[in-house]
Amino acid sequence: MTTAVNQPVAGTPLIELTGLNVVLPTGERSEVEAVKSVDLVVHDGERVGLVGESGSGKSVTGRSIAGLLPTSPRVRVSGSIRIRGQEMVGAPARTWNEVRRKTVGMIFQDPLTFLNPTMRVGRQVAESIPDRRLVRSGAGGDRTARDRAVFRFLRQAGLPDAEQVAASFPHELSGGMRQRVLIAIAIAKEPSLVLADEPTTALDATVQQHVLRTLDETVAELGTSLMLISHDLAVVAGMTDRVYVMYAGRIVEEGPTAQVLAEPRHEYTQALLRSVRSLTDQDTDLYSIPLALRQRFAEEPSHVA
Ligand SMILES: Nc1ncnc2c1ncn2[C@@H]1O[C@H](COP(=O)(O)OP(=O)(O)OP(=O)(O)O)[C@@H](O)[C@H]1O
């Protein structure tokens with residue numbers, strides 16, 4: 001069967017979750033309803049945030065979109081996951097593989113669990129470049145063309161010393177560099193959606209800001225959609241147009257990011273915002289909350305009451 005999961009379909013959202021429930025086993029006789037009745041939409045070119053405290057169900061929602069839930073037969077998924085209009089609940093593994101190859105590029109919190117420790121970085125990026133991309137660029141599929149593309153993606157992901165990075169093993173790179181490698185791998189696939197789950201949580205503040213900037217610029221350059229999962233409102237405020245707030249497995253609030261931050265309706269969102277506002281006001285980078293909020297509100301006064 002041929003699927004067309006990477007082809008835009010007029011009037012059809014790129015991602016559409018409807019009444020999604022995910023139950024995961026937590027022990028021999030116990031389970032958790034990690035995601036409850038979630039409705040969520042991402043359109044082509046949109047930047048959407050998913051925020052909430054630890055354990056609220058953000059990652060499980062993200063993994064549902066990438067078909068990366070645990071494989072146990074005790075995992076129960078109900079409701080609907082449509083990708084380019086195609087129902088994915090119950091879809092065979094090969095359809096999910098195709099989605100991950102062409103449509104959804106994921107960036108995880110911990111690159112070391114994703115990267116192969118025994119393979120040089122360049123080869124890992126090379127393997128994610130689809131042949132069709134090289135052929136379209138007129139380069140054909142030969143080794144040199146692929147190497148050139150690898151260096152280009154690494155540079156695009158904020159690694160100017162691309163040749164050296166490509167020749168390295170993951171453990172030879174810093175945390176920030178590894179995270180950029182994941183960005184390179186994700187964008188090399190030319191996905192319709194970059195799904196970044198806490199992409200910078202493990203990094204220190206300065207590196208975090210650089211990596212976020214790279215992700216921001218790269219997504220803008222490629223015109224892909226972005227779904228950014230974070231417990232950190234600061235990150236989401238600076239980089240998304242629309243935000244979903246999750247609490248205890250449910251979406252409790254959704255709207256334009258500036259509006260949700262300016263006039264949070266749900267008490268949980270208000271509490272999230274209060275805790276962020278009590279943070280230091282000394283940050284000066286775009287991706288630190290006080291400034292991010294100020295800039296957002298300054299740029300979009302129509303959203304502010
Ligand atoms: N592989 C798993 N097996 C069993 N339960 C899981 C699994 N992954 C997550 N859970 C549970 O599902 C619920 C939602 O977890 P999830 O990881 O989606 O939260 P989160 O909002 O992403 O939190 P964090 O920011 O800490 O990652 C939690 O109760 C968690 O313990």
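Cut-offs used in this document
- Residues numbered from 1 in each chain as written.
- Predicted model: local features only at pLDDT ≥ 70, side-chain atom pairs only at ≥ 80, totals over all residues.
- UniProt positions renumbered as here; feature names shortened; annotations may be inferred.
- Core = buried A, V, L, I, M, F, W, Y, C linked by C-beta atoms within 7 Å.
- Buried ≥ 20, exposed ≤ 12 C-beta atoms within 10 Å, placed from the backbone.
- Helix = DSSP H or I, 4+ residues; strand = E, 2+ residues; numbered from the N terminus.
- Contact = placed C-beta atoms within 7 Å.
- Near = placed C-beta within 6 Å.
- Nonpolar A, V, L, I, M, F, W, Y, C, P; charged D, E, K, R; others polar.
- Arc of directions from axis to C-beta.
- Pairing = 2+ DSSP bridges.
- Axes fitted to C-alpha atoms, helices over the stretch in contact; angles between N-to-C directions.

Under the annotation held in an unreviewed UniProt entry, the protein carries the name Oligopeptide transport system ATP-binding protein and is attributed to Citricoccus muralis. Turning to the protein, the UniProt annotation filed under Sequence similarities (unreviewed entry) states: "Belongs to the ABC transporter superfamily." Checking UniProt for the protein, the heading Subcellular location (unreviewed entry) contains the comment "Cell membrane".

Here we take up the nonpolar core. Core analysis: the biggest nonpolar cluster contains 73 residues, and Leu 154, Ala 184, Leu 195 and Met 227 have the highest contact counts within it. It is helix 8 (residues 175-188) that provides the largest number of residues to this core, a total of nine residues. When sequence neighbours within four positions are dropped, the list of residues in contact with Leu 195 reads Gly 62, Ile 65, Ala 66, Val 104, Gly 105, Met 106 and Met 227.

The next subject is the site of the ligand. Around the ligand lies a shell of 14 residues, among which Ala 34, Ser 54, Lys 58, Ser 59 and Val 60 are the nearest. Elements supplying a minimum of two residues to the shell around the ligand: strand 2 (31-42) and helix 1 (58-66). Looking at the shell around the ligand element by element, the count peaks at three residues for helix 1. For the shell around the ligand, the residue count by class is five nonpolar, eight polar and one charged.

Okay, helix 2 (residues 93-103) next. Taken residue by residue, helix 2 has Glu 98, Val 99 and Thr 103 as its buried positions. Down the axis, helix 2 shows its buried residues gathered within 105 degrees of arc, on one side only. The outward face of helix 2, more than 90 degrees from its buried face, is lined by the exposed residues Ala 93, Arg 94 and Asn 97. In this structure, the buried residues of helix 2 make contact with strand 4 (76-83), strand 6 (104-107) and strand 7 (193-197).

Here we come to the environment of Arg 120. Tracing the chain through its elements places Arg 120 in the loop between helix 3 (111-114) and helix 4 (121-127). In this structure the C-alpha to C-alpha distance between Arg 120 and Glu 172, which are 52 residues apart in sequence, comes to 9.9 Å.

A turn of α-helix holds 3.6 residues, and therefore any two residues three or four places apart point the same way. Extensive coverage of helix 1 is indicated by the burial of eight of its nine residues. Residues of helix 1 that are buried include every one of Lys 58, Val 60, Thr 61, Gly 62, Arg 63, Ser 64, Ile 65 and Ala 66, and no others. Two residues or fewer after helix 1 comes Gly 67, characterised by a positive phi angle close to 65 degrees.

Glancing now at the sheet that holds strand 8 (residues 225-230). Strand order in the open sheet made by the six strands is 6-7-8-3-9-10, with mixed pairing throughout. Unpaired on one side and paired on the other, strand 6 and strand 10 (250-256) mark the two borders of the sheet. Here the average twist between neighbouring strands, direction ignored, is 15 degrees. Against the sheet, helix 1 makes contact with strand 3 (47-51), strand 6, strand 7, strand 8 and strand 9 (242-247), and its axis sits at roughly 150 degrees relative to strand 7, the strand it touches most. In this fold helix 8 packs onto strand 6 and strand 7, with an angle of close to 175 degrees to the strand it touches most, strand 6.

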